[in-house]
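# Geometric and topological summary
For reference, the chains in residue letters:
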Amino acid sequence: MTDETRVPIAKAKGRPMLQWVGKRPLREVRSFPAQLVERFASTAPAGAVSTDVDWSGWPDRFDRGGLLFHGDNKEVLAHLLANGFRGKVDLVYIDPPFDSGADYVRKVQLRGASGSVRLDGESHTLGEQIQYTDIWANDTYLQFMYERLLLIKELMSPRGSLVLHCDPRRGFQLRCLLDEVLGPDAFVNEVVWKRSDAHSDVGQGAKHLGTVHDVLLLYVRDRPSTWNDMFSPLPQTTVDNWYRNVEEGTGRRYNKADATGPGGTAKGSPLYEWKGVTRPWRFSRARMEELEAEGRLTYSESGMVYVKRYLDESKGVPLQDWWDDIQMVRGIQRRGEASYPTEKPEALLDRVVQLLSSPGDIVLDCFIGSGTTAAVAQKLGRRWIGADINKGAIQTTEKRLAAIIEDQANAAGSEQLAMESGETPRPAQLGFSVLRVNDYDLQIQHNEAVNLAVEHLGADRTKTDAFFQGTLGRELLYIVGFNHPCSPLDLQAAAHELEQRPDEQRDVVVVALGRELACEPWLADYNRVRPINRIRLIELRTDPKYGKFFQHQPAVARVRFEPEGDAVRVTIDDFISPSIIERLSAQEGVLTPQITDWRAMVDSVFIDAAYDGGVFNVALADIPERRQDLVDGSYIVERPADSMQPIAVRITDMLGEEVLVIEERAGH
Ligand SMILES: C[S@@+](CC[C@H](N)C(=O)[O-])C[C@H]1O[C@@H](n2cnc3c(N)ncnc32)[C@H](O)[C@@H]1O
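This text gives an overview of the structure that appears in the document. Everything numeric in this text was worked out from a predicted model, so none of it was measured.

### Structural notes on the overall build of the chain
Looking only at helices and strands, one finds 12 helices and 35 strands in the chain. Residues classed as buried in the chain amount to 51% of the 668 residues present. The long-range fraction of contacts in the chain, counting pairs at least 24 apart against all pairs at least 6 apart in sequence, stands at 72%. For the chain, the exposed surface amounts to about 31700 Å²; the carbon and sulfur share of it is 49%.

### Side note on the state of the cysteines
Any covalent bond linking the sulfur atoms of two cysteines counts as a disulfide. Counted by the stated rule, this structure contains 0 disulfides. Cys-486 forms no disulfide, and the closest cysteine sulfur to it belongs to Cys-519, at a distance of 4.1 Å. By relative accessible area, Cys-486 is classed as buried at 0%. We classify Cys-519 as buried; its relative accessible area is 0%.

### Here's the deal with the environment of Pro-270
Note that Pro-270 resides in the loop between strand E13 (253–258) and strand E14 (271–274). Judged by its relative accessible area of 31%, Pro-270 is partly exposed. Between the C-alpha atom of Pro-270 and that of Trp-281, which follows or precedes it by 11 residues, the distance is 5.6 Å. Those residues within four positions of Pro-270 in sequence are excluded, and the remaining contacts are Arg-279, Pro-280, Trp-281, Phe-283 and Ser-284.

### Description of unusual backbone geometry
Here the amide bond leading from Arg-223 into Pro-224 is cis, since omega sits at 0°, within 30 degrees of zero. Along the chain, Pro-224 turns up in the loop between strand E10 (213–220) and strand E11 (231–232). Backbone geometry places Lys-275, a non-glycine residue, at a positive phi of 50°. As for its placement among the helices and strands, Lys-275 is situated in the loop between E14 and strand E15 (277–280). Residue classification places Lys-275 among the exposed positions, given a relative accessible area of 54%. Notably, Asn-533 is not glycine yet its phi reads approximately 55°, a positive angle.

### Considerations on the packing of aromatic side chains
A full pass over the atoms with the stated rule returns 16 aromatic pairs. Grouping aromatic residues by their ring pairs yields a cluster made of Trp-55, Trp-58, Phe-62, Phe-69 and Phe-85. Seen from the ring of Tyr-146, Lys-23 lies directly overhead, with NZ or CZ sitting 5.0 Å from the centre. Note that Arg-148 overlies the ring of Phe-144, its terminal NZ or CZ placed 3.9 Å from the centroid.

### With respect to the pattern of salt bridges
Going through the model one piece at a time under the given rule, you end up with 36 salt bridges. When the shortest N-O distance is used, the salt bridge between Glu-346 and Lys-379 registers 2.7 Å. Remark: Lys-379 occurs in helix H7 (residues 372–379) and Glu-346 occurs in helix H6 (residues 346–356); sequence separation between them is 33 residues. A residue is classified by how much of its surface remains accessible, and Glu-346, at 24% relative accessible area, is partly exposed. Judged by its relative accessible area of 34%, Lys-379 is partly exposed. Through salt bridges with shared partners, a single ionic network connects Arg-252, Glu-294, Arg-296, Asp-312 and Glu-313.

### Digging into the sheet that holds strand E35 (residues 658–662)
Reading across from one edge, E32-E30-E34-E35 is the order of the 4 strands in this open sheet, with antiparallel pairing throughout. Each of the sheet's edge strands pairs with one partner strand only, and the pair in question is strand E32 (620–622) and E35. Looking at each pair of strands side by side, their axes are set apart by 15° on average, direction ignored.

### Structural notes on the sheet that holds strand E33 (residues 634–637)
If you trace the 3 strands from one edge of the open sheet to the other, you get E28-E29-E33, paired in antiparallel fashion. This sheet does not close on itself; its edge strands, each paired only once, are strand E28 (556–564) and E33. Across the sheet, the axes of successive neighbouring strands diverge by a mean angle of 25°, strand direction being ignored. Note: E28 against strand E29 (residues 567–576), 9 bridges, orientation antiparallel. Each residue of the ladder has a partner; that of Pro-563, found in E29, is Val-568.

### A closer look at the packing of H6 against H7
Contact geometry for H6 and H7: axes closest at 9 Å, N-to-C directions at 60°. Judged by the angle between their axes, H6 and H7 are oblique. Taken as a pair, H6 and H7 cross one another with a handedness that is right-handed. Residue-level inspection shows Glu-346, Leu-349, Asp-350 and Val-353 of H6 in contact with H7, the latter providing Thr-372, Thr-373, Ala-375, Val-376 and Lys-379. The residue inventory of the contact of H6 with H7, partitioned by class, reads 4 nonpolar, 2 polar and 3 charged.

### Topic: the pairing of E15
Here E14 pairs with E15 via 4 bridges, running antiparallel. Looking at E15, one finds that Glu-273 is bridged to Thr-278. Counted along the chain from E14 to the antiparallel partner E15, the turn is 2 residues long, and its residue Lys-275 has a positive phi close to 50°.

### Description of the environment of Phe-85
Mapped onto the secondary structure, Phe-85 falls in the loop between helix H1 (73–82) and strand E5 (89–94). The spacing of Phe-85 and Gly-57 is 28 residues in sequence and 8.6 Å in space, taken between C-alpha atoms.

### Quick notes on the nonpolar core
Among the nonpolar cores identified, the biggest contains 56 residues, and Phe-69, Phe-85, Ile-94, Met-145, Ile-152 and Leu-162 are the most heavily contacted of them. With 10 residues, helix H2 (residues 138–155) is the single largest residue contributor to this core. Setting aside anything within four residues of it in sequence, one finds Phe-85 in contact with Trp-58, Pro-59, Phe-62, Leu-67, Leu-80, Leu-155, Ile-362 and Ile-385. Leu-68, Trp-323, Val-353 and Phe-432 belong to the second-largest nonpolar core, a separate cluster that totals 41 residues.

Criteria and thresholds
Residues numbered from 1 in each chain as written. Predicted model: local features only at pLDDT ≥ 70, side-chain atom pairs only at ≥ 80, totals over all residues. Heavy atoms only, no water. Helix = DSSP H or I, 4+ residues; strand = E, 2+ residues; numbered from the N terminus. Buried < 20%, exposed > 50% of the residue type's maximum accessible area, 1.4 Å probe, protein only. Contact = heavy atoms within 4.5 Å. Areas by Shrake-Rupley, 256 points an atom, 1.4 Å probe, with all protein chains shown as cover. Disulfide = S-S within 2.5 Å. Phe/Tyr/Trp six-rings, centres within 6.5 Å; stacked < 30°, edge-to-face > 60°. Lys NZ or Arg CZ within 6 Å of the ring centre and 35° of its normal. Salt bridge = Lys/Arg side-chain N within 4 Å of Asp/Glu carboxyl O. Pairing = 2+ DSSP bridges. Axes fitted to C-alpha atoms, helices over the stretch in contact; angles between N-to-C directions. Parallel < 35°, antiparallel > 145°, perpendicular 65-115°, else oblique. Left-handed = near helix turned anticlockwise from the far one by under 90°. Nonpolar A, V, L, I, M, F, W, Y, C, P; charged D, E, K, R; others polar. Core = buried A, V, L, I, M, F, W, Y, C linked by side-chain atoms within 4.5 Å.

Structural data, given as structure tokens:
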């Protein structure tokens, strides 16, 4: 992948413009390299994948398949722009956090029948994990969205569309942003998705109406854009009132359409005599004869001619902007698992993807969550790119897509004919890669990290500043993402911010987990002749005053690798996750739980039969479908012929923490 590059971004073109404190244009972004961390490919029979997909424009540096990025989407989008995807994305669907002031939590429970120990009888269940924080100061949220939309626009293909899923509180502001970024002419529809049932936001005595809808803002990059007509079933009243006639013999319901030509001969309707009536007709004589032969004409007592329009041939009504026929995802719905907090129904995405893209098109969702967009795109024969900042989201998406692809590969033999008959497009790909932009290995996300760091340092948090997160004494506080050590680029960003604020007198303290060596000379140089606006750096890992920030005990596993015939038996003997045990013990009101079977703590097991030390190629995936089920723990693994590489086992616990155990091969 390329080294860091600067990616130019076009100016927003629309009017009017929304203003907020700290609004800044985005003229260029930094693009970081991406690291390939995993590959998933099924062994499907030849012909299982569509041959109609045109991969010629796909950047060579990426595998041909789904792409799932772990990282902040600003960096992921910049990476895609810098690496060949500019103008290539046909459909973008995003469902960003709503700035709703809620903390979303993924409910994680242990596996097995006894795993569902409820800890406090309320909504919080065992091992609950903050999935992402959705609290932003107003202006920060707008700047956040503005930057992402500017980047997304650059990725959209000339026929591309964007669907932004939001709630009514934010909808009007986001629409202003979209008008500004894509131009008001790019607006197509505001779709109301009525989530079908009452929302629980109206408690007794509430002085507001229940919110039962979300808003989908539909914009295009240009016109014409990809558009596939869709229809919804006719309402029963239409069926009852319009399709009153029943055909004798067949029982088919129909309505009667006048066969005379609208506008008469002046509009070109042919004039001739039909069964004793001379009129300008809607059809040519030859066509009338065909219709008569097919039994599609019917006559009134006075001899007037009508054409039968059958109910069973009606496509329905063209889709409107009011969607009330799609149920929201509830609790444990998908594959018997606890759902992701804000998971959207596949039926919703199905509609969006079918309406606005064609098989083989590239669909992007850079707030992928549980992977709904990728799942639907995969099922509908589209290519897809997903991104999320949250490791839990990446793991959920990975599992979900691996299962779908396995199903598609298995079905390929038996259902090939059905697929070819045109009902379901064949998959565009049967594999995907997981990439990381920046190093997100640390099991902590930025918002959580910022809060922890602020608390640890005793700093004051400011939520109205789009750049600095608070103050430490008299200094402005800038917390660098904990996913990477502080580099001169981060320091440069702080310096750049100060340049934009000529009246700012204060110094800056930059806080990071670690630092690159090059920071020292950069700081010395920068601070040399500067009486104000000086920058200093606190390194949380080693700083004598603030150090010891993290005390994380990693999970451990005991795994045996034993030859069995030509293959290898891999047996997991034990797995301990101190984080899970700690979380269980920390809860009041519950006795320290007895976990008698290590498998209760394990979510999934992946095996690479020949691990090259870098990319994890999944040869075997053990992901029990239902929460009550446990992983096997014992596997037979075929080593590729002549492979010198060791087998590797990746065990993921119910909190998303991963342990990698690599076989030690004698003589290697
Ligand atoms: C509302 S959820 C999306 C749910 C998704 N539509 C589904 O069906 O599961 C929003 C997602 O955006 C992710 N997110 C928030 N900020 C992000 C960022 N800066 N970069 C990438 N992902 C982000 C969150 O981790 C969360 O998974």
